[in-house]
Amino acid sequence: MPKVLVSDPIDQSGLDILAQVAQVDVKTKLTPEELVQAIPNYDALMIRSGTKVTSAVIEAASQLKIIGRAGVGVDNVDVVAATRRGIVVVNSPEGNTIAAAEHALAMMLSLSRNIPEADQSVKASTWNRKAFTGVEVYKKNLGVVGLGKIGSHVATVARAMGMTILAYDPFISKERAAELGCSLVDLDMLFQESDYITLHIPKTSETAHLINAAALDKMKPTARIVNCARGGIIDEAALYEALSNGKIAGAALDVYEEEPLGESSLRELGKSVILTPHLGASTAEAQVNVAIDVAEQIRDVLLGLPARSAVNIPGLRPDVLEKLRPYLQLAETLGNLVGQLAGGRVEQVQIRLQGELANQDSKPIVIATLKGLLTNALRERVNYVNASIEAKERGIKVIETRDASVKDFTGSLYVSAKGSLGEHAVTGIILGGSEVRITDINQFPINVPPTKYMLFTLHRDMPGIIGKIGSLLGSFNVNIASMQVGRQIVRGDAIMVLSIDDPLPDGILEEITKVSGIRDAYTVAL
Ligand SMILES: NC(=O)c1ccc[n+]([C@@H]2O[C@H](COP(=O)([O-])OP(=O)(O)OC[C@H]3O[C@@H](n4cnc5c(N)ncnc54)[C@H](O)[C@@H]3O)[C@@H](O)[C@H]2O)c1
Ligand SMILES: O=C(O)[C@H](O)COP(=O)(O)O
């Protein structure tokens with residue numbers, strides 16, 4: 001019988017499902033060392049956010065087939081390491097949506113009416129009504145940052161309370177926002193006009209410290225901010241400054257830069273701050289939902305069936321998957337790359353299977369491309385099962401074509417993305433059976449492997465320009481790992497592709513575009 005280790009508190013309904021097919025061991029509060037020691041005995045691991053599934057755990061997991069995260073975020077799992085080991089990682093993208101949305105709304109109301117402090121004062125046998133006069137949310141502006149599953153529900157309920165909703169989500173269409181009764185605005189306007197701001201976005205390199213000193217400076221002195229999304233989206237030091245100097249009126253946080261919250265001056269701020277210990281998903285209903293959702297997937301995978309919400313591999317028959325795996329990797333990389341080059345909201349994607357690839361099953365390749373395209377916006381919430389639905393909901397038109405006559409390579413994949421900021425197209429191949437190569441960008445031929453951090457420039461092909469970019473990067477202490485230039489004609493337009501060791505520091509992209517001869521520059525993190 002297979003063995004499942006459950007290392008965080010999980011609802012009994014999930015454990016009962018696992019027990020149908022496996023021996024279930026519940027061992028919460030394991031130290032990292034104890035987890036590494038225990039994991040070689042298990043076929044499946046079921047967790048919440050408490051267990052850190054590091055590369056050391058994955059390395060020791062010699063017979064692990066699946067990691068089930070009873071919740072949304074897989075930030076605590078080294079998904080890359082798991083994928084390399086062929087371990088399926090599954091989550092429950094929707095099981096706790098309502099719980100998290102209701103927690104954000106509860107935080108907003110508690111902050112408005114000083115409920116935690118007022119409660120403490122009565123429990124301390126005082127009766128001070130004046131100190132706890134609050135404010136109403138009725139007819140106030142609520143700025144919703146991130147209009148996905150949780151943000152949409154918050155917006156809907158807040159509208160019913162008489163609030164006006166301003167929303168910022170660069171990946172959502174105006175039509176979708178209008179359906180929800182929200183006005184899509186830019187981030188500055190949201191900061192300036194909102195009485196309440198609630199965050200419902202993933203933590204990415206773009207959203208880390210989105211709420212920093214500059215953003216807080218733009219807000220009303222009466223503004224109140226709620227973060228039930230992810231720690232680190234708010235700069236906690238800047239928030240402390242803004243609250244203690246009266247730049248904004250209040251904040252309610254469920255998530256923190258470091259969890260559990262360590263030493264923090266936020267604790268000193270009295271009734272202007274409410275702090276909860278990552279309780280967004282902690283309702284009886286949500287815990288049943290996520291436990292059943294994930295336990296069923298673990299059971300299915302242990303029975304040799306595909307998982308419905310896999311974060312890292314598609315739900316395909318193992319033999320088909322094996323054959324297509326390198327092309328899925330190619331499709332995901334090209335989708336991610338072209339989505340970042342296009343920036344903003346993508347309206348149309350064209351996916352063309354070329355040469356021998358034109359004879360393959362296109363569905364998983366299309367799904368993998370869409371997964372890659374949406375990764376920047378949705379992170380682990382997009383998977384092979386929901387990528388098409390997510391694309392459709394975002395109003396992205398998908399055009400799929402085949403062209404067996406393309407003979408440049410045995411098989412190649414062309415992906416273009418047209419959006420609010422223009423159109424970009426990339427082509428790639430699989431080399432030696434497993435290695436991804438980008439062979440064309442916007443009709444400039446190149447031959448580069450994708451790397452974690454990349455810089456692309458469009459420039460005039462003229463002497464000295466490569467040197468200037470090299471020196472500029474050097475002056476910002478950016479190390480170039482490799483560089484290639486692609487051009488169609490000598491001294492015409494050209495593109496430069498650089499692999500760099502670290503993300504570009506702030507401001508440097510602007511400097512690059514100022515270099516004479518450079519027409520455009522893009523940075524991409526894959
Ligand atoms: N506190 C908790 O216990 C708890 C529980 C569940 C989820 N969460 C967190 O809540 C957040 C939202 O979850 P969800 O299920 O609604 O996710 P979702 O994927 O449905 O929605 C996220 C939305 O953010 C948008 N987005 C991405 N980058 C953006 C950016 N730079 N600016 C503005 N919008 C951007 C996306 O387009 C998407 O619409 C996630 O961070 C999730 O981890 C927390
Ligand atoms: O990502 C999630 O689902 C939430 O942050 C909840 O985490 P939890 O399951 O540890 O409460």
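Positions within a chain are numbered from 1, following the residues in the order the chain's sequence is written. Starting at A for chains and at 1 for ligands, labels are handed out in the order in which the entities are written. Local features are withheld for residues below a pLDDT of 70 in this predicted model, meaning they are given only at 70 or higher, and side-chain atom pairs are given and counted only at 80 or more; totals for whole chains, interfaces and linings count all residues. The basis for the side-chain values is all heavy atoms of the structure; hydrogens and waters are excluded.

> How should I be thinking about the UniProt feature "domain: ACT" (unreviewed entry) in the chain in this particular structure?
Annotation from UniProt places "domain: ACT" (unreviewed entry) at residues 454-526. The secondary structure listing takes helices from DSSP runs of H or I that are at least 4 residues long and strands from runs of E that are at least 2 residues long, numbered from the N terminus. Helix makes up 25% of residues 454-526 and strand makes up 42%, while its end C-alpha atoms are separated by 8 Å. UniProt positions are given in the numbering used here, feature names are shortened, and annotations may be inferred rather than shown by experiment.

> Please clarify how unusual backbone geometry should be interpreted in this entry.
Peptide bonds are trans in most cases, and residues, glycine excluded, mostly fall at negative phi. Of note, the bond from Glu259 into Pro260 is cis; its omega dihedral lies within 30 degrees of zero at -5°. Notably, Ser125 is not glycine yet its phi reads approximately 65°, a positive angle. Along the polypeptide, Ser125 turns up in the loop between α6 (115-123) and β6 (141-145). Residue burial is assigned from relative accessible area. The probe radius is 1.4 Å, only protein chains are included, and a residue is buried under 20% of its type maximum, exposed over 50%, and partly exposed in between. Taking the relative accessible area as the measure of exposure, Ser125 reaches 68% and is therefore exposed.

> For this particular structure, what's the right way to read the packing of aromatic side chains?
In this description, a pair of aromatic rings is defined by centroid distance and the angle of the planes. Here a pair means two rings of Phe, Tyr or Trp (six-membered ring of Trp) with centres within 6.5 Å. Their orientation is stacked below 30 degrees between planes, edge-to-face above 60, and tilted elsewhere. As enumerated under the stated definition, the model contains zero aromatic pairs in all. The residue whose ring lies beneath Lys3 is Tyr42, and the NZ or CZ to ring-centre distance is 5.1 Å. Think of it as a cone above the ring: NZ of Lys or CZ of Arg counts as a charge over the ring if it is within 6 Å of the ring centre and within 35 degrees of the ring normal.

> Any chance you could explain helix α12 (residues 284-302) here in plain terms?
An α-helical turn contains 3.6 residues, so any two residues separated by three or four positions project in the same direction. Here, expected helix span is obtained from the residue count minus one, scaled by 1.5 Å. With 19 residues, α12 extends 27 Å between its outermost C-alpha atoms, agreeing within 8% with the 27 Å of an ideal straight helix rising 1.5 Å per residue. Along α12, the positions that sit buried rather than exposed are Ala286, Gln287, Val290, Ala291, Asp293, Val294, Ala295, Gln297, Ile298, Asp300, Val301 and Leu302. At its buried positions, α12 is contacted by β1 (3-6), α1 (12-19), β3 (44-47), β4 (66-69), β5 (88-90) and α5 (97-113). Just past α12, the residue Gly304 takes up positive phi, approximately 85°. Contacts between residues were defined by any pair of non-hydrogen atoms, one from each residue, lying within 4.5 Å.

> Explain the pairing of strand β11 (residues 250-253) here, please?
Taken residue by residue, a regular strand's side chains alternate between the two faces of the sheet. Burial along β11 is two-sided: Gly250 and Ala252 facing one way and Ala251 and Leu253 facing the other are all buried. Pairing of strand β10 (residues 224-227) with β11 involves four bridges; the strand directions are parallel. Considered in β11, the bridge of Asn227 is made with Leu253. By convention, orient the strands away from the viewer: a clockwise path from the first strand over the helix to the second makes the crossover right-handed. The β-α-β motif built from β10, the intervening helix α11 (residues 236-244) and the parallel element β11 has right-handed crossover chirality. Pairs of strands are assigned from DSSP output, requiring at least two bridges between the strands. Of the pairings in the sheet, the one linking β11 to strand β12 (residues 273-275) comprises three bridges and is parallel in character. If you follow Leu253 over to β12, its bridge partner there is Leu275.

> Before we go on, may I ask you to explain the environment of Gly339 in this structure?
Along the chain, Gly339 falls in helix α13 (residues 318-342). Assessed through its relative accessible area of 13%, Gly339 is described here as buried. Each C-alpha atom, one on Gly339 and one on Leu374, is 7.5 Å from the other, the two residues being 35 residues apart in sequence.

> Is there a simple way to think about the site of ligand 2 in this case?
In these notes, residues near a molecule or strand are those with any non-hydrogen atom within 4 Å of it. Close to ligand 2 lie Arg48, Ser49, Arg69, Ala70, Gly71, Val72, Gly73, Asn96, Arg230, His278 and Ala281, which account for all nearby residues. Between ligand 2 and Arg48, the relevant distance is 2.9 Å, taken from an oxygen atom to a side-chain nitrogen or oxygen of the residue. For this analysis, a polar contact is any N or O atom pair within 3.5 Å, provided that within protein one partner can donate a hydrogen and the other can accept it, and provided that sequence-adjacent residues contribute only side-chain to side-chain pairs. In this structure, an oxygen atom belonging to ligand 2 sits 2.3 Å away from a side-chain N or O atom of Ser49. Surface burial for ligand 2 is 91%, taken as the share of its 310 Å² of free accessible area covered by protein chains. Only the protein chains shown count as cover for residues, with accessible areas throughout obtained via the Shrake-Rupley method and a probe of 1.4 Å.

> Honestly, a nonpolar patch on the surface in this entry has me stumped. Any pointers?
Patch building starts from residues that exceed 30% relative accessible area and form no salt bridge, then joins like charges within 9 Å and nonpolar side chains (Val, Leu, Ile, Met, Phe, Trp, Tyr) within 5 Å. Salt bridges are identified by distance alone: a Lys or Arg side-chain nitrogen within 4 Å of an Asp or Glu carboxyl oxygen. A surface patch of nonpolar side chains, amounting to about 220 Å² of accessible area, comprises Ile466, Ile480 and Met483. The residue Ile480 is located in strand β20 (residues 480-487) in this model. Look at Ile480 and you get partly exposed, because its relative accessible area is 30%.

> I keep staring at the packing of α1 against α12 and nothing clicks. Help me out?
Between two packed helices, the angle of one axis relative to the other and the distance separating the axes together describe the packing. Here an angle of 0 to 180 degrees is reported between the N-to-C directions of two axes, which are lines fitted to C-alpha atoms, with helices fitted over the stretch in contact. With their axes 7 Å apart at the nearest point, α1 and α12 run at an angle of 15° to one another. Overall, the two elements α1 and α12 adopt an arrangement that is roughly parallel. Crossing geometry of α1 relative to α12 is assigned as right-handed. Contact residues: α1 offers Ser13, Gly14, Ile17 and Leu18, while α12 offers Val288, Ala291, Ile292, Ala295, Glu296, Ile298 and Arg299. For the contact of α1 with α12, the residue count by class is seven nonpolar, two polar and two charged. Here is the rule for angles: anything less than 35 degrees is roughly parallel, anything more than 145 is roughly antiparallel, 65 through 115 is roughly perpendicular, and the remaining ranges are oblique. Each crossing is labelled by how the near helix is turned from the far one, with a counterclockwise turn of less than a right angle marking it left-handed and a clockwise turn marking it right-handed. The classification used treats Ala, Val, Leu, Ile, Met, Phe, Trp, Tyr, Cys and Pro as nonpolar, Asp, Glu, Lys and Arg as charged, and all other residues, Gly among them, as polar.

> I would appreciate a short explanation of the sheet that holds β1 in the present structure.
Adjacent strands of a sheet pair through backbone hydrogen bonds, lying either parallel or antiparallel. Across the sheet, five strands lie side by side as β2-β1-β3-β4-β5; this open sheet has parallel pairing. The open sheet is flanked by β2 (23-26) and β5, the only strands paired with a single partner. Shown here is a sheet whose adjacent strand axes are inclined to one another by a mean of 15°, direction ignored. Pairing of β3 with β4, which is carried by four bridges, proceeds in the parallel orientation. When the bridges of β4 are listed, Ile47 appears paired with Arg69. Sitting on the sheet, α1 touches β1, β2 and β3, and the angle it makes with β2 is about 145°. Packing against the sheet, α12 makes contact with β1, β3, β4 and β5, and its axis sits at approximately 175° to β3.

> What is the right way to look at the packing of α5 against helix α7 (residues 149-160) in this model?
Relative to each other, α5 and α7 sit at 50°, their axes nearing to 9 Å. Looking at the two axes, α5 sits oblique to α7. Every pair of crossing elements has a handedness; the one defined by α5 and α7 is right-handed. Across the interface between the two elements, Thr97, Ile98, Ala100, Ala101, Ala104 and Leu105 from α5 touch Lys149, Ile150, His153, Val154, Val157 and Ala158 from α7. Of the residues assigned to the contact of α5 with α7, the class counts are nine nonpolar, two polar and one charged.

> Hey, could you run me through the nonpolar core in this one?
Grouped burial of nonpolar side chains is what soluble globular proteins tend to show. What we call a nonpolar core is a set of buried Ala, Val, Leu, Ile, Met, Phe, Trp, Tyr and Cys residues that are connected through their side-chain atoms within 4.5 Å. Judged by nonpolar contacts, the single largest core of 45 residues is most densely connected at Val349, Ile365, Leu413, Val426, Ile441, Phe456 and Val497. At 10 residues, the largest contribution of residues to this core is made by α13. Residues Ile201, Ala215, Ala242 and Leu266 belong to the second largest nonpolar core, which totals 30 residues.

> What is the right way to look at the environment of Ala525 in this model?
Along the chain, the position of Ala525 falls in strand β22 (residues 518-525). Spatially, the C-alpha atoms of Ala525 and Leu35 are 32 Å apart, while their sequence positions differ by 490 residues. Sequence-distant contacts of Ala525, defined by excluding residues within four places in its chain, comprise Asn336, Gln340, Lys452 and Tyr453.

> Please clarify how the site of ligand 1 should be interpreted in this entry.
Not every one of the 28 residues close to ligand 1 is listed here, only the nearest: Lys149, Ile150, Asp169, Ile201 and Arg394. Here Gly280 contributes a backbone N or O atom positioned 3.4 Å from an oxygen atom of ligand 1. The side chain of Arg394 places a nitrogen or oxygen atom 2.9 Å from an oxygen atom of ligand 1. Listed by contribution, the elements that provide at least two residues to the shell around ligand 1 are α7 and α14 (362-378). Per-class residue counts for the shell around ligand 1 are 14 nonpolar, seven polar and seven charged.

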